[in-house]
Amino acid sequence: MKQRIHKNMFLMVCALVLPMLMFAQNQTPEKAISSDFSNTMYVVLVTSIFLLLLVIIMMGLALKNIIGSDFVTTKLKKNANTLKNNEGVKSNFMLLAAAATPAATDAGVVEVNDWLIGGLDMTTFFILITIIIFEVAIIAIFFRLIMHFTAKEKVAAPIVNKPKEKTIFDVLNASVDIEDEHDIMLDHEYDGIRELDNSLPPWWKYGFYLTIVVAVVYLANFHIFKTGDLQVAEYNKEVAQAKIDIAEYMKTAANNVDETNVKLLTGADLVTGKELFVANCAACHGAAGEGKVGPNLTDRYWLHGGGLADVFKSIKYGWVEKGMKPWQEDFSPNQIAQLTSFIYSLKGTNPPGAKEAQGDLYTEAGASASDSLAPKTDSLAPKIDSLKTKQDSVK
Amino acid sequence: MELQKFQYDNKIVKWFAYATMLWGIVGMVAGLLAAIQLFLPAANLDLPYTSFGRVRPVHTNAVIFAFVGNGIFMGVYYSLQRLLKARMFSDMLSKIHFWGWQLIIVLAAISLLLGKTTGKEYAELEWPIDILITLVWVVFGWNMFGTILKRRERHLYVAIWFYIGTFVTVAMLHIVNSIEIPVSFWKSYSWYAGVQDALVQWWYGHNAVAFFLTTPYLGLMYYFLPKAANRPVYSYRLSVIHFWSLIFIYIWAGPHHLLYTAVPDWAQSLGVVFSVMLIAPSWGGMINGLLTLRGAWDKVREDAVLKFLVVAVTAYGMATFEGPMLSLKSVSAISHYTDWIVAHVHVGALGWNGFMTFGILYWLIPKLFRTELYSKRMANWHFWIGTLGIVLYAIPMYWSGIMQSLMWKDFTPEGQLKWQFMDTVNVMIPFYITRAIGGALFLTGAIMMVYNLIKTIKIGNFLANEDAEAPALEKTFAKHGKEHWHRIIERKPVQMMIVSLVVVMIGGIIEFVPTFLVKSNIPTIAQVKPYTPLELQGRDIYIREGCYTCHSQMIRPFRSETSRYGEYSKAGEFVYDHPFQWGSKRTGPDLARIGGKYPDSWHYSHMLDPTSMSPGSIMPAYPWLFDDQVDVSSTVAKIKAMKRLGVPYPEGYEKIAASEMEKQAKGIAANLEKDGMKTKSDREIVALIAYLQRMGTDIKKTATDTTKK
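J.: Let's hear about the overall build of chain B: which residues, and what values?
T.: Across its full length, chain B holds 26 helices and 4 strands. Projected onto its principal axes, the C-alpha positions of chain B cover 90 × 50 × 50 Å. Counting across all 709 residues of chain B, residues that qualify as buried make up 58%. Sequence-distant contacts, at least 24 apart, represent 84% of the contacts inside chain B between residues at least 6 apart.

J.: I'd like a rundown of the overall build of chain A, residues and numbers included.
T.: Helix and strand counts for chain A stand at 13 helices and 6 strands. Partitioning the contacts of chain A with sequence separation of at least 6, the portion at a separation of at least 24 is 71%.

J.: Give a detailed account of the confidence of the model for chain B, specifying residues and quantitative values.
T.: Residue and element names in this part refer to chain B. Residues at a pLDDT of 70 or more form 99% of chain B, whose mean pLDDT is 94. Contacts from residues 705–709, a stretch scored under 50 in pLDDT, to residues over four places away or in other chains number 3 contacts. Under the prediction, the complex receives an ipTM of 0.91, its pTM being 0.79.

J.: Quick rundown of the nonpolar core? Include the residues and the values.
T.: One finds B:Tyr77, B:Phe308, B:Leu309, B:Ala312, B:Tyr362 and B:Leu688 to be the most contacted residues of the largest nonpolar core, which totals 234 residues. Those residues in contact with B:Tyr77 that lie beyond four places of it in its chain are B:Ile12, B:Val13, B:Phe16 and B:Met88. Among the nonpolar cores identified, the runner-up in size contains 23 residues, and A:Ala283, A:Ala309, A:Leu339 and B:Trp602 belong to it.

J.: Run through the packing of helix α6 (residues 194–229) of chain B against helix α9 (residues 279–292) of chain B, naming residues and quoting values.
T.: All names here are of chain B. Two numbers describe how α6 lies on α9: the axes approach to 10 Å, and their chain directions differ by 10 degrees. Classed by the angle they form, the pair α6 and α9 counts as roughly parallel. Listed contacts from α9 to Leu218, Met221, Leu225, Pro226 and Ala229 of α6 are Gly285, Gly289 and Thr292. In terms of residue class, the contact of α6 with α9 is built from 5 nonpolar, 3 polar and no charged.

J.: Before we move on, can you summarise unusual backbone geometry with the specific residues and values?
T.: All names here are of chain B. The peptide bond linking histidine 578 to proline 579 adopts the cis configuration, its omega dihedral lying at -10 degrees. The phi dihedral of aspartate 46 falls on the positive side, at around 55 degrees, and the residue is not glycine. With respect to the secondary-structure elements, aspartate 46 resides in the loop between α1 (11–37) and α2 (52–84). Residue aspartate 46 is classed as partly exposed on the basis of its C-beta count, with 14 C-beta atoms lying within 10 Å.

J.: Explain the interface of chain B and chain A residue by residue, including any values.
T.: Interface size is often expressed as the accessible area that is lost when the parts come together. Residue-level contacts link 65 residues of chain B with 60 residues of chain A. Sort the elements by how many residues they give to the side of chain B that touches chain A and helix α8 (residues 265–277) of chain B lands first, with 7 residues. Within the side of chain B that touches chain A, the residues separate by chemical class into 32 nonpolar, 19 polar and 14 charged.

J.: Give a detailed account of the packing of helix α9 (residues 268–280) of chain A against helix α12 (residues 333–345) of chain A, specifying residues and quantitative values.
T.: Residues and elements named next belong to chain A. With their axes 8 Å apart at the nearest point, α9 and α12 run at an angle of 90 degrees to one another. Our classification of the angle between α9 and α12 gives roughly perpendicular. Packed against α9, whose contacting residues are Asp269, Leu270, Thr272, Gly273, Lys274, Leu276 and Phe277, the element α12 presents Gln335, Gln338, Leu339, Ser341, Phe342 and Ser345 at the interface. Classifying every residue of the contact of α9 with α12 by side-chain character gives 5 nonpolar, 6 polar and 2 charged.

J.: Describe the confidence of the model for chain A, naming the residues involved and giving the relevant values.
T.: Predicted coordinates in areas of low pLDDT are best not read in detail. All names here are of chain A. Within chain A, residue pLDDT values average 72, and 64% of them lie at 70 or more. Counting contacts from residues 1–16, a segment whose pLDDT is below 50, to residues more than four positions away or on other chains yields 29 contacts. Contacts of residues 80–114 to residues separated by more than four positions or lying in other chains number 49 contacts, the stretch itself having pLDDT below 50.

J.: Now, about the pairing of strand β3 (residues 187–190) of chain B: what can you tell me, with residues and values included?
T.: All names here are of chain B. Examined bridge by bridge, strand β2 (residues 180–184) and β3 share 4 bridges and lie antiparallel to one another. Following the sheet pairing, glutamate 180 is matched in β3 by serine 190. The antiparallel hairpin formed by β2 and β3 contains 2 residues in its connecting segment.

J.: Account for α9(B), naming residues and giving values.
T.: Taking 1.5 Å per residue as the helical rise, α9(B) with its 14 residues ought to reach 20 Å, and the 20 Å between its terminal C-alpha atoms agrees with that figure. Counting buried positions along α9(B) yields 14 of 14 residues, so the element is predominantly enclosed.

J.: Would you mind going over the environment of A:Ile146 in detail, with residue names and values included?
T.: All names here are of chain A. Relative to the assigned elements, isoleucine 146 resides in helix α5 (residues 122–150). For isoleucine 146, a count of 18 C-beta atoms within 10 Å translates into the label partly exposed. For the pair isoleucine 146 and methionine 59, spaced 87 residues apart in sequence, the C-alpha separation works out to 8.0 Å. Filtering out sequence-adjacent residues up to four positions away, isoleucine 146 remains in contact with Met59, Ala62, Leu63, Ile66 and Val171.

J.: I'd like a rundown of the environment of B:Tyr204, residues and numbers included.
T.: Residues and elements named next belong to chain B. By the secondary structure assignment, tyrosine 204 is in helix α6. Sequence-wise, tyrosine 204 and histidine 174 are 30 residues apart; in three dimensions their C-alpha atoms are separated by 7.3 Å. For tyrosine 204, the residues in contact, after removing those within four places along its chain, are Ala123, Leu173 and Asn177.

The rules we used
- Residues numbered from 1 in each chain as written.
- Chains lettered and ligands numbered in written order.
- Predicted model: local features only at pLDDT ≥ 70, side-chain atom pairs only at ≥ 80, totals over all residues.
- Helix = DSSP H or I, 4+ residues; strand = E, 2+ residues; numbered from the N terminus.
- Buried ≥ 20, exposed ≤ 12 C-beta atoms within 10 Å, placed from the backbone.
- Contact = placed C-beta atoms within 7 Å.
- pLDDT = per-residue confidence, 0-100.
- Core = buried A, V, L, I, M, F, W, Y, C linked by C-beta atoms within 7 Å.
- Axes fitted to C-alpha atoms, helices over the stretch in contact; angles between N-to-C directions.
- Parallel < 35°, antiparallel > 145°, perpendicular 65-115°, else oblique.
- Nonpolar A, V, L, I, M, F, W, Y, C, P; charged D, E, K, R; others polar.
- Pairing = 2+ DSSP bridges.
- Expected span 1.5 Å × (residues − 1).

Written as structure tokens, this is what we have:
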């Protein structure tokens, strides 16, 4: 992310806001850097940089105001030893700003590095930390300057006017002192209400400008240069990434069960299976599997086959047209296997209030592996189709 | 210059103050009931009139239009006369305004409890009441402008700019959003459909917050805060800039209620950026209020009125900073549909509107009755109890909102959703309870205030007509020296009204016109067909029962939502939805693709007793749907109305509608009977099941159709 060296602070802010904005929408800019907003460390560091910058801007503006005010000019004349003139302060200020700028503009450049700190590679981490240290240093210096200018006059000689005390808020808001407010009192009055004519608080005014810049950059990013992903593109990326992550996980996971290799489980798995059944299936199939809205699961008659693989499949893909929803998004393959095994254990329990038999008599002998595999491809077919339409409708 | 003698009308102010107190308590009680129903479903009482879906609109309408509405009029009628040095234009208009508004409130409460609703949030009232609102609003404007025109003060004070902005904008919002086609005296369909209806509705909904809850109250702040603190307003320049930028920018931000929905991306982006730009104009009001107190902070320690006003202005500042943050798409992705939003609006409603109203009442009632407040101690207690109430309300809702959203989005490494929807409801209960306690505390404070004020009224001596005098306004105006450029428009009220109207029209026009005229904004889907007569009747039952207050019909394009609910919602799916029912809160799951997910018998049992099908459910039961018959006589009128709105039913369809309806209903009844549930086919439950089973299925038909080919 090469950028020209900016000469003033305002553009420096933009340089930092721009990447922030792009990240805010959860995507990587053109030259992707290894860290993004999913990394907590990165979020914390970049947010701190941004907040510190705001503080610097506010302090800078306040300083500008103080330096411009008569109060300080007279004080400066008296106190020539500390600082010779305004120019000194201003050049000091520019120097600091210039020093911070290259650091800020380097923030995006990252080399791939094996060393990780809190999930961030070393280069990014140290660049961000350097920026923060710089910013803190600038704030410290600004703070001293403000303190210096606003400090109470320590004059021994008696003075006629009360010494002017400015709070930090007065300085930030560039307010006219309460004692002097008659100077800016407007000449009208409504039912006893008078109005002052204080100037717009600088932080407010420049904050307003900043939001307008943000707005322009935002719209440009998404709708003029189209560098940002709109929601459908964002969604497609999310789903694709999830597929990769799951495949990666499944490679190492022990519970990679599906309808081709499901085995009858026993013991603790049956207990878990029962818990799942009571929580999720009992509403339709009855607490003992006797059948209610859904069919009886304890008899030997099955609508969609009674083999282990058949039951597994019925749970996983559902029979939507008959009111059985697919549960594959809700349960892990292992959980479906536990459920299947529990249902299998219900056979012949003959619970009270059992629903009448539905479907065909199922005998174990007829259930060879090949039989139960055959319909599998069928039930997958519409899935592929629906995926296709998904893509079509996206277009 | 001759001094003219005249009298301020305090009587109308007193009436509005009484109405504010009464409706405030009523609205808060309704809110508390709704809050209790969320953890104690039995509090729905199994009655149609007390079920959550009807109580919640009563609560929102009562606090917005009855409590805050009367509060606005109270403050405006008091301050306007004094700022213009003139009595209200016409006592008769004032009276018509007052009684007209109270009539609207009573009609609204009754009709909403009876289930007469348009199904559009904060605009639920049916068309006859909409017309009445328009008429009464015109009376208000007429009275206000009449007073302005006979004023004895050349220039308009900033408070009055806000009153004028409020008047024109609310008129525009109300009329545009309420365009609907009547079916019968208590039933109408929104003129707009789907995406367009959503855009218009949230342009309205967002700006009801802006121009009913914000701008008039900023006007009141500009009068009552400097009065109570006895300090000059901090910055005139700031008033000018923040007034115009606020009303211009606010209008654009509506689409931020619809981020990640089927609304076109460009409209969403406009909503985002204008919300961000709204921070400074909103904060301009807060700054001007708080800095007006410079030099008066010692009084804040003593005076309950100032305490209320300070917290109100601070709450305003917090809510208007949070608003733009919630409008960022990445934050909206988490916060939308959750209790976070409920917490956000209540910081505004309880803090800003509530406390501002309380502060004004504590200041105004002793003034009107020429006495001291009965108990300052009690007012201070009210302040602390109320503040504690807000904290106890907001914090649990922020917490639970974020927690629930993260649970919705949680996946196991195997790629399954980690939590069933019901799991995420179960964990909410303690938070709902704490929230209700916070609300109860706030209500307690309000009751203490009413008691305190009644006592004050008893010891006081009311002055109906307050004497005042001021020189008459000279015909011609001679400028003295240099003046601020804005002073010119401050002495031209009619021009000011026209300019404000133009300023607030721009955003709406730029967002609406392309959405209505450019076809690519709403790509049509051939498989999406109009509802059958039975489904249409079922949909009207869905609207009547306020299902949209807890269920959304908008699946956002996130993996966590498409996994849970199915394919994300497309703009073309809603083209026949008059009105749209996307909802704004998921107390229960999204229903956009509920069709076909469960058997008819599941819905039958679920509507009769939700916990039978989903143990732990907090949904109310709907037993009356099993007894009441569908109003068949309305079918023809409904189909005809839909045809006039452009829904492509075949020629002469209304003639066969009744028989079509009967056929479909018998099919469902037979289906239910198979599972042992006996019901007559003419019952409302059958129509509702027909609608639920249709929802979101049109797109799926594409899949099966293509496989058959």
